[in-house]
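One letter stands for each residue in the lines below.
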Amino acid sequence: MNRLSLIALPATLFVLAAVALAGGLAPEEAVKRMKAADGFRAKLVAAEPLVRQPVTMTFDDRGRMWVLQYLQYPNPAGLKPVEVDQYLRTKYDRVPEPPPKGPKGADRVTILDDPDADGRYRKAKDFVGGLNLASGMCLGHGGVYVLQAPYLLFYPDRDGDDVPDGDPEVLLSGFGLEDAHAVANSLQWGPDGWLYGAQGSTVTAHVRGVEFQQGVWRYHPITRAFELFSEGGGNTWGLDFDGHGNVIAGTNWGGAAMLHQVQGGYYVKGFAKHGPLHNAHTYGYFDHVPYKDFKGGHVTVGGVVYRGGTYPAKYRDQYVAGNVLSNVLNWHALEPKASSFTSRHLSEFLAGNDLWFRPVDCLVGPDGNVHIADWYDVRANHVDPVDNWDKSNGRVYKVEPTSPAAALPMPPGWKDARGPSLGKLASRDLLGLLGHPNDWFRREARRVLSERRDKGGIAPLRKTILEEKGELALEALWALYVSDGLDDAFAMKLFDHANEDVRTWTVRLLGDAREVSPSVAKRFVSLARTDPSPTVRSQLACTAKRLPAGDGLPVVRELLRRVEDINDPHIPLLLWWAVEDKAVAHRDLVLGLLDSPEAWRTPLIRRTLIERLGRRYMAEGGDADLAACARLLASAPGPEEVRLLMQGMEKALEGRQLARVPPALERQLGALWREGDRSALLTRFALRLGSVPAFERALEVAADPKAPEGDRVSLMDVLGQTARPEVVPVLLRVLAEGKTDGLRGAALSALQSFKNENIADAVLDQYPCLSGSLRGKAQTLLCGRAGSALKFLRAVDAGRVSPKDVPLDTLRRVVEYKDERLVKLIEKHWGKVGPLPAGEKIARARAINHSLNQRPGDAANGKALFAKHCATCHTLFGEGNKIGPELTGADRKNREFLLTSVVDPSAYIRPEYVAYLVTTTDGRALTGLLAEQSPTAVTLLNEKNERTVIARAKIDEMSPAKASLMPEKILDPLSEQEIRDLFSYLQSDGPKK
């Protein structure tokens, strides 16, 4: 198991922390500092010099520990960086050759031994050295698999003498190399015999024609097949399998501890940083496992589902993982919910009480205890590119119960979890380990069986599966499959098995071939119609996407009829993705899913499919696709279904109009228009299709003070996107005569699209009459172009606008026009608005820190200050917006971290909160988070929580901003006592429950 979390903290914080601490604790002293959960104790099992910079570890089938020492980190040897972007993604001068021809680095795979059997490893031998940013390893099939980007390597050791038989074999090539914190990692044998791995966020892989950033992938050691198992996630580094075979992945997202990654799923990712998911038509994605009472910093790593058999029963099947920012490991409950689960904080498992303690990997060993790899370094950020990491140390600990339960049963010949090799056991003895209380033995037994593929084990495995109903039945099924003993005839018996996991995995294992026999396909349809288990139905949806349309869509049809899955966390989107996969290539079969009014009105179809299907065909935009849109509109059985279709089709046209409307769609639009129910939605939709009557109707409604405000606002939005000059007088009239901030704000937003010199004058005339929030929108409009920005600043110079009304972040964007006239006016009224020098920020942080120590703050007043100055962008204790990071689960108790993040917000910007600068072909300049994007449009979200849709055709340039959306000097308007009050609230535990 392979985990890494080298957390990106502000560079200024690193400076402060480095001053505060120099040197760490000796290994024995570090253990004394640790506080384990009640009933447990920590023990040191390995330390420097045997182990340094451990990033992952595993045990071999003799019970010896193997450790991967990541000593070359953070920069590969022998490569020259030619370009580094703001995310520290580095382009190198070449792709290195694989070992032994490529550059030699400092990484090594080391075997640790405990010759005295006293629980402390005192002997070490390198299996292989000279590795160059090797980030993952796994043992099996007569050798060692090693991840060294861009390669998956295999070092053979058929004779088991702990010396490679020769040069490594390159199994895969193309993993990303741009960032040592996100390279391919976490090699782990799945229960199905595939080798699973992960890849993080700041690298891009191109493996066998598959491009992806973060996600989970897999490789089959026998067939040599490669697949992207699921796409997205946090900075995915770390995965494990629970007792049901679910993939659980680590994350750096904050507020949650894990993701449940399902086959073919699409997950949240840093969209601004990496662009959309590689399928542009997912129209949704899965988020992290819902979590309650999250504690600590935003990165959870090293997670394992505890199934070791040594700890008290209440800990079995719970998740233990490291939180590097908080220097602790936490217990997380896993609680089933429909086809997935939820999670919550249980307790601290191990607190280091040492800022150097950096738990990056967990592993359950043959003794049933959790082992922990400690990177051990005061530094936890990778913003500063200087390689000053402390590479002199590293530790491995284990946590054991103070009052152990009965000793675990050991395989024949084993004593104290030491030899002989499990690989030398007879197959019947390995089969006996499938029910072992320590899951480590189960996994090792399956691995050895997968290598042997012993036909003699098939009959007893089948007998066990049919006779058992609990976990052993599932373990036997996995062992049967990796032994090449699962065929259709036996599988048909398993579809009626009492254990839902057996049924679930039978579906998955058969579907992995991407084709099934007619009898199996027919049974899949029957299961979809009748199976009571949501996990079975979830897997059927995953498998339906993999199968040919003729076999997969009948399964989808039955699953769409299952009313009980309407609120399942996974099934609705899985069904859409199965449909979307066939939507264009098998258009008639997909449209056949809506072959009756009853089908249209099925809850899952109505909520999940109709709108997305209309959107998908309109987005594809070919003649056959637009004909499909017309066909859908014509066959919709009622106005509600028409509404859903139009909503989807309009979303596909967001920011643009259809260039050409084919006759069939034009006829259908005309029929809808003639029916007389000219709703705002129909008007918007028709307007995007270029309808002249719809344009006239939209102008009429937008200008009508008696029309519903919601209709007027939505139509002004689309009218603004048309950029037709006839729209401007209507919008200006609404601005002048509108009775509500909603109407006037919509007019201001729509006016941004127009390059008309008279707009600035009109807006400035209205400026004194605008509310505070509308003045912010007006400033966004006026400062969106250099010419109108000049008029605005001249109004300030003339005394018509107070300089105090203009925030520094607005001025900072105006400076980007590089117009001397603008710069002079800014300096006249505000001085220089560029970023503070690093030294000044450090001094400011120290001064505030000193002030905070002088006297306590008033958290109640701090809450009001938070609402005024912070809640526009941040959420704390359930209140506020989500433009910036959610603060409840942040490392708020760490004052240095919090203070530096406020004083120097641009020192490190988490990838998902990077702003973008967009310039348009008509001279606009906008800044905001990339809230949404499609092949035809992007949506920016600015610091005022305003959304702006921009057609890609109108974008001249789009690039990541170097500065955070959060302005510097945000604390400057506050008095010292107000700062104390604000920090008192920020660092509080929130309202009492």
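(A) Layout of the pattern of salt bridges. Across all of its chains, the model carries 66 salt bridges by this definition. One salt bridge in this structure joins Arg447 and Asp61, with 3.7 Å as the shortest N-O distance. You can see Arg447 sitting in helix H5 (residues 439–452) and its partner Asp61 sitting in the loop between strand E3 (54–59) and strand E4 (65–69), a full 386 residues away along the chain. Comparing Arg447 with Asp61, the two get one shared label, buried. The shortest N-O distance in the salt bridge between Arg724 and Glu726 comes to 3.2 Å. The class of Arg724 is partly exposed, set by a relative accessible area of 32%. Residue class for Glu726 comes out partly exposed when judged on its relative accessible area of 39%.

(B) How the structure looks around the sheet that holds strand E18 (residues 226–231). Taking strand neighbours across the sheet as the criterion, the four strands line up as E13-E14-E17-E18 in an open arrangement whose pairing is antiparallel. The two strands at the open ends of the sheet, each matched to only one other strand, are strand E13 (185–189) and E18. Taken over all neighbouring pairs, the strand axes of this sheet differ in orientation by 25° on average, direction set aside. As defined by bridge partners, strand E14 (residues 195–199) adjoins strand E17 (residues 215–219) across five bridges and the pair is classed as antiparallel. Among the inter-strand pairings, Gln199 is bridged to a residue of E17, identified as Gly215.

(C) Examining the nonpolar core more closely. Phe524, Met618, Leu665 and Phe792 are the most contacted members of the largest nonpolar core, which has 204 residues in total. Every residue in contact with Phe792, bar those within four places of it in the chain, is listed here: Leu764, Tyr767, Gln779, Leu782, Cys783, Val801 and Val806. If you look at the next biggest cluster of nonpolar residues, it comprises 29 residues, including Ala30, Trp331, Ile372 and Val378.

(D) A look at the packing of aromatic side chains. Applying the stated rule across the entire model yields 36 aromatic pairs. Seen from their ring centres, Phe40 and Phe349 are 5.9 Å apart, and the 65° between their planes marks the pair as edge-to-face. In this pair, Phe40 sits in strand E2 (residues 40–47) while Phe349 sits in strand E26 (residues 340–351), placing the two residues 309 residues apart along the sequence. Of the two residues, Phe40 and Phe349, neither departs from the other in class, the shared state being buried. An angle of 35° between the planes, with centres 6.1 Å apart, marks the rings of Trp217 and Phe226 as tilted. Taking relative accessible area as the criterion, Trp217 reaches 0% and is therefore assigned buried. Overall, Phe226 belongs to the buried group, its relative accessible area being 12%. The positively charged end of Arg724 is found above the aromatic ring belonging to Phe695, 3.6 Å away from the centroid.

(E) Seen up close, the confidence of the model for the chain. Averaged over all residues, the pLDDT of the chain equals 90, while 92% of them reach at least 70. Low pLDDT, under 50, characterises residues 1–22; the predicted model gives this stretch 96 contacts beyond four residues in sequence or across chains.

(F) Inspection of the pairing of strand E9 (residues 134–139) at higher detail. A large share of E9 lies buried, amounting to six of its six residues. Relative to strand E10 (residues 143–148), E9 runs antiparallel, the two sharing five bridges. Residue Gly136 lies in a different strand from E10, and its bridge partner there is Leu147. Hairpin connection, E9 to E10: the antiparallel pair is bridged by three residues, and Gly140 has positive phi, about 155°.

(G) Here's a closer look at unusual backbone geometry. In this structure, the amide linkage connecting Glu48 to the following residue, Pro49, adopts the cis form with an omega of 10°. Here Pro49 shows up in the loop between E2 and E3. Cis geometry marks the peptide bond from Ala149 to Pro150, where omega comes out at 10°. Structurally, Pro150 is set in the loop between E10 and strand E11 (151–156). Its identity is not glycine, yet Asp484 carries a phi of approximately 65°, on the positive side. Here Asp484 is to be found in the loop between helix H7 (471–482) and helix H8 (488–494). We classify Asp484 as partly exposed; its relative accessible area is 44%.

(H) Structural view of the sheet that holds strand E21 (residues 259–261). A sheet is described by the order of its strands in space; here three strands give the open sequence E19-E20-E21, paired in antiparallel fashion. With partners counted over all chains shown, the strands left at the sheet margins are strand E19 (239–241) and E21, one partner each. Sheet twist, expressed as the mean angle between neighbouring strand axes with direction ignored, is 30°. For strand E20 (residues 247–249) and E21, the ladder comprises three bridges, and the chain directions are antiparallel. Bridged to Ala249 within E21 is Leu259.

Thresholds, definitions, all that
- Residues numbered from 1 in each chain as written.
- Predicted model: local features only at pLDDT ≥ 70, side-chain atom pairs only at ≥ 80, totals over all residues.
- Heavy atoms only, no water.
- Salt bridge = Lys/Arg side-chain N within 4 Å of Asp/Glu carboxyl O.
- Helix = DSSP H or I, 4+ residues; strand = E, 2+ residues; numbered from the N terminus.
- Buried < 20%, exposed > 50% of the residue type's maximum accessible area, 1.4 Å probe, protein only.
- Pairing = 2+ DSSP bridges.
- Axes fitted to C-alpha atoms, helices over the stretch in contact; angles between N-to-C directions.
- Core = buried A, V, L, I, M, F, W, Y, C linked by side-chain atoms within 4.5 Å.
- Contact = heavy atoms within 4.5 Å.
- Phe/Tyr/Trp six-rings, centres within 6.5 Å; stacked < 30°, edge-to-face > 60°.
- Lys NZ or Arg CZ within 6 Å of the ring centre and 35° of its normal.
- pLDDT = per-residue confidence, 0-100.

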